[in-house]
Amino acid sequence: MNEAGIEARGTTPLQPELDRIAQIKDQRGLLNEVARLHKFQVDAFFGFSPLPDPQNAAMNIANLDQAGLGLPEKDFYFRTDKKSEEIRQKYVAHIAKMFTLLGATPADAAQKATAVMAIETGLAKASLDVTARRDPQSLIHSLSKQELAALSPHFNFDEYFVQVQSPEFSKLNVAVPDFMKQVSVFAAGQSLADLRDYLSWRYLSASARMLPKAFFDENFDFFGRTLTGALEQKPRWKRCVARTDDELGEALGRKFVEKTFGAEGKQRTLDMVHEIEHEMAVDIEALTWMSPATKKEAQVKLQAVANKIGYPDQWRDYSTVKIDAGDFFGNWYRANEFESHRQTVKIAKAVDRNEWGMTPPTVNAYYDPTQNNINFPAGILQPPFFSNQSGDPANYGAIGAVIGHELTHGFDDEGRQYDAKGNLKDWWQKSDADEFVKLSECFVNEYGGFSPVTGVELNGKLTLGENAADNGGIRLAYLALLDDLTKKSVVVSTKVDGYTEDQQFFLGFAQAWCENQRPEVCTPLCSD
Ligand SMILES: [Zn+2]
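Residues numbered from 1 in each chain as written. Predicted model: local features only at pLDDT ≥ 70, side-chain atom pairs only at ≥ 80, totals over all residues. Heavy atoms only, no water.

(A) Here's a closer look at the overall build of the chain. In terms of helices and strands, the chain carries 19 helices and nine strands. At 25 Å, the chain has a C-alpha radius of gyration in line with the 24 Å of a compact globule built from 528 residues. Oriented by its inertia axes, the alpha-carbon framework of the chain measures out at about 75 × 50 × 50 Å. Expressed as a percentage of the 528 residues in the chain, the buried residues total 49%. Counting only contacts in the chain whose residues sit at least 6 apart along the sequence, the fraction spanning at least 24 positions is 73%. Per element, the accessible surface of the chain, about 25300 Å² overall, is 53% carbon and sulfur. With 57 positive and 74 negative side-chain charges, the chain shows a spacing of 4 Å between the two charge centroids. (Helix = DSSP H or I, 4+ residues; strand = E, 2+ residues; numbered from the N terminus. Rg over C-alpha atoms; globule rule 2.2 N^0.38 Å. Buried < 20%, exposed > 50% of the residue type's maximum accessible area, 1.4 Å probe, protein only. Contact = heavy atoms within 4.5 Å. Areas by Shrake-Rupley, 256 points an atom, 1.4 Å probe, with all protein chains shown as cover. Lys, Arg positive; Asp, Glu negative; His and termini not counted. Charge placed at Lys NZ, Arg CZ, Asp CG, Glu CD.)

(B) Helix H11 (residues 236-247), seen in detail. An ideal rise of 1.5 Å per residue puts 16 Å on 12 residues; H11 measures up with 16 Å between its terminal C-alpha atoms. Listed as buried for H11 are Arg-236, Arg-239, Cys-240, Arg-243, Asp-245 and Glu-247. Contacts made by the buried residues of H11 are with helix H1 (3-9), helix H10 (213-228), helix H12 (249-260) and helix H15 (328-344). (Expected span 1.5 Å × (residues − 1).)

(C) Main features of the nonpolar core. Among the nonpolar cores identified, the biggest contains 71 residues, and Phe-45, Phe-46, Tyr-160 and Leu-199 are the most heavily contacted of them. For this core, the element with the highest residue contribution is helix H5 (residues 106-125), accounting for seven residues. Non-local contacts of Tyr-160, meaning those with residues more than four positions away in its chain, are made with Leu-31, Val-34, Ala-35, His-38, Phe-46, Phe-48 and Phe-155. Counting 43 residues, the second-largest nonpolar core is a separate cluster that includes Val-305, Ala-365, Phe-411 and Leu-485. (Core = buried A, V, L, I, M, F, W, Y, C linked by side-chain atoms within 4.5 Å.)

(D) Highlighting the sheet that holds strand E6 (residues 366-368). The mixed open sheet is built from three strands, whose spatial order is E5-E7-E6. The sheet is open, and its two borders are formed by strand E5 (306-310) and E6, each paired with just one other strand. This sheet shows a mean twist of 20 degrees between the axes of neighbouring strands, independent of strand direction. Examined bridge by bridge, E6 and strand E7 (residues 373-377) share three bridges and lie antiparallel to one another. Counterpart to Asp-368 in the pairing with E7 is Asn-373. On top of the sheet, helix H13 (residues 263-286) reaches E5 and E7; it is set at about 150 degrees to E5, its chief contact. Running at roughly 150 degrees to E7, helix H16 (residues 392-409) makes contact with E6 and E7 of the sheet. (Pairing = 2+ DSSP bridges. Axes fitted to C-alpha atoms, helices over the stretch in contact; angles between N-to-C directions.)

(E) Structural detail: the side chain of Asp-368. As for its placement among the helices and strands, Asp-368 is situated in strand E6. Here Asp-368 is buried and forms no salt bridge, its nearest opposite-charge partner Lys-308 lying at an N-O distance of 6.9 Å. Polar contacts involving the side chain of Asp-368 include one to the side chain of Thr-370, which spans 2.8 Å. Setting aside anything within four residues of it in sequence, one finds Asp-368 in contact with Asn-373 and Asn-375. (Salt bridge = Lys/Arg side-chain N within 4 Å of Asp/Glu carboxyl O. Polar contact = N/O pair within 3.5 Å; in protein donor to acceptor, adjacent residues only side chain to side chain.)

(F) Summary view of the packing of H16 against helix H18 (residues 464-487). The contact between H16 and H18 brings their axes to 6 Å, and the two run at 135 degrees. Between H16 and H18, the angle is such that the two are oblique. The hand of the H16/H18 crossing is right-handed. In terms of residue class, the contact of H16 with H18 is made up of 10 nonpolar, eight polar and four charged. (Parallel < 35°, antiparallel > 145°, perpendicular 65-115°, else oblique. Left-handed = near helix turned anticlockwise from the far one by under 90°. Nonpolar A, V, L, I, M, F, W, Y, C, P; charged D, E, K, R; others polar.)

(G) Quick look at the environment of Val-490. Tracing the backbone shows Val-490 in the loop between H18 and strand E8 (495-496). A relative accessible area of 29% places Val-490 in the partly exposed class. Between the alpha carbons of Val-490 and Gly-310 there is a distance of 30 Å; along the sequence they are 180 residues apart.

(H) Structural view of the pairing of E7. Burial analysis of E7 places five of its five residues in the buried class, the great majority of the element. Alternating residues of E7 divide into Asn-373, Asn-375 and Pro-377 and Ile-374 and Phe-376, and every residue in both groups is buried. The hairpin formed by E6 and E7 contains four residues between the paired strands, and Asn-372 there has a positive phi angle of roughly 50 degrees.

(I) The arrangement of the pattern of salt bridges in detail. Enumeration over the complete set of coordinates arrives at 28 salt bridges. The salt bridge involving Asp-392 is made with Lys-488; its shortest N-O contact spans 2.5 Å. Here the residue Asp-392 occupies a position in helix H16, and Lys-488 occupies one in the loop between H18 and E8, the gap between them amounting to 96 residues. Since its relative accessible area comes to 24%, Asp-392 is described here as partly exposed. Residue classification places Lys-488 among the partly exposed residues on the basis of a relative accessible area of 44%. Shared partners join several salt bridges into a network, and the residues in it are Glu-250, Arg-316, Glu-339, Arg-342, Lys-346 and Glu-355.

(J) The arrangement of the sheet that holds strand E1 (residues 46-53) in detail. The sheet built from four strands is open, its strands ordered E1-E2-E4-E3 with mixed pairing. Only two strands of the sheet have a single partner each, and these edge strands are E1 and strand E3 (142-144). Sheet twist, expressed as the mean angle between neighbouring strand axes with direction ignored, is 40 degrees. Summarising the sheet, E3 and strand E4 (residues 171-174) pair through three bridges and their orientation is antiparallel. Residue pairing in the sheet places Ser-144 in a bridge with Lys-171 of E4. Contacting E1, strand E2 (56-66) and E4, helix H8 (residues 177-189) crosses the sheet at an angle of about 45 degrees to E2.

(K) Seen up close, the packing of aromatic side chains. Scanning the model with the defined rule gives 33 aromatic pairs in all. Between the aromatic rings of Phe-48 and Phe-169, the centroid separation amounts to 6.4 Å while the plane-to-plane angle is 35 degrees, which identifies the pairing as tilted. Of this pair, Phe-48 sits in strand E1 while Phe-169 sits in the loop between helix H7 (157-163) and E4, and the two are 121 residues apart along the sequence. As far as the burial class goes, Phe-48 and Phe-169 line up, both buried. Members of the aromatic cluster, each reached through a chain of ring pairs, are Phe-46, Phe-48, Phe-155, Phe-157, Tyr-160, Phe-161 and Phe-169. Lys-112 extends its terminal NZ or CZ atom over the ring of Phe-99, reaching a point 5.6 Å from the ring centre. (Phe/Tyr/Trp six-rings, centres within 6.5 Å; stacked < 30°, edge-to-face > 60°. Lys NZ or Arg CZ within 6 Å of the ring centre and 35° of its normal.)

Set out below in structure tokens:
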């Protein structure tokens, strides 16, 4: 919150790293710097992380993947409509403006921005688009280190793995082999001046929110105003809380849970989860198009789903992260270094199934296909999604539909490719899989016909998983409500506060999901 202190330090905290980047003289220097930036979680060129082994989800393997773009995803670099072209122009202008704030002359800044855009466009070209990435099979390529070296001869990955202090391994997954080829092409063929500009840009952009107001405002102007249509920044205290959630989420989450989440809420949620899992078991049995053999496997998978509610059993230990009240910038980088190290050391080790992929205050939920579990952070187990004061119908319509949604993800176009243990293993009879794809087309076409904003059509193939989960979720929650009412001998048409039981259900659903968004936000990005 000490904005005067941040202004007074100016760009001093950036300088040591910018100086290092300026001194890159060869491919080895480039490699060292990319490894350093990755240790600070600065997104440059590619990503290196642990991945549950597709053949044995109990173990983590090493994974290389595409990354390094400033715009949200590949298609932003190539769409030819007027608005997309305007976004690209504004992005290049934004890069130039940021370099100007750092002290470059306008001509120099414009040249740097052009170089950055050329590299990012090259990386985007070699990337897979978001729709192709929905098929997990398209991201699986097991390579030896020798095969990787042959693919990417001008970027010495063996040396990179040493620099990022990766544990030993012999084989790894390369999600997008063509992308790694392109990284090598850049390392060999692009001018070092351009590569230095690109790395400086990635570092500057990643750091913008910790810098003085001029940088922060310019960053918001593009990523907030242009890309999402936001008119004003959130109050600073909210941004500081969000940053703390990003960096020290389980320390903040521990306090959050103490204050907001009781044992009663956890038990009521768990009861509802069990009811909805029961509804799904009944629903699977009733399917007319699925053979008994596939149904049996589906039930095995459903029975194996682990339910995680509220917060982790064991809290993360941040005691090695040095936090200094006078060093906002340094805190951010030290917390990032902690996280990047925590991730890297998972490679070649057993997967920790108790770990959470979202922090406790998060208002969201997820299904993890590689662990076959559903996860509901404490943040979503509060109004408008759940309340001990609300009637059952409203809770079923809100959090019940979310529970059903996450559960359905285990059986959507992506989730169905994983087995009960989280391995990427086909458990479907061929004819059932064919029928599934055929029936899914119905959703692809239905949603592909929706246009929330003039000129923007939904991509029904990209959003298939979410649409299947939304439809499945509300259906399972509604069936659970009906069963619950039957057990209590309550008739659906009974009115409470002027609304029938099922009206309350759908009002609960609508209230959980109504929110403000601007047209600019309509891009084909996924949520959980
Ligand atoms: Zn979802």
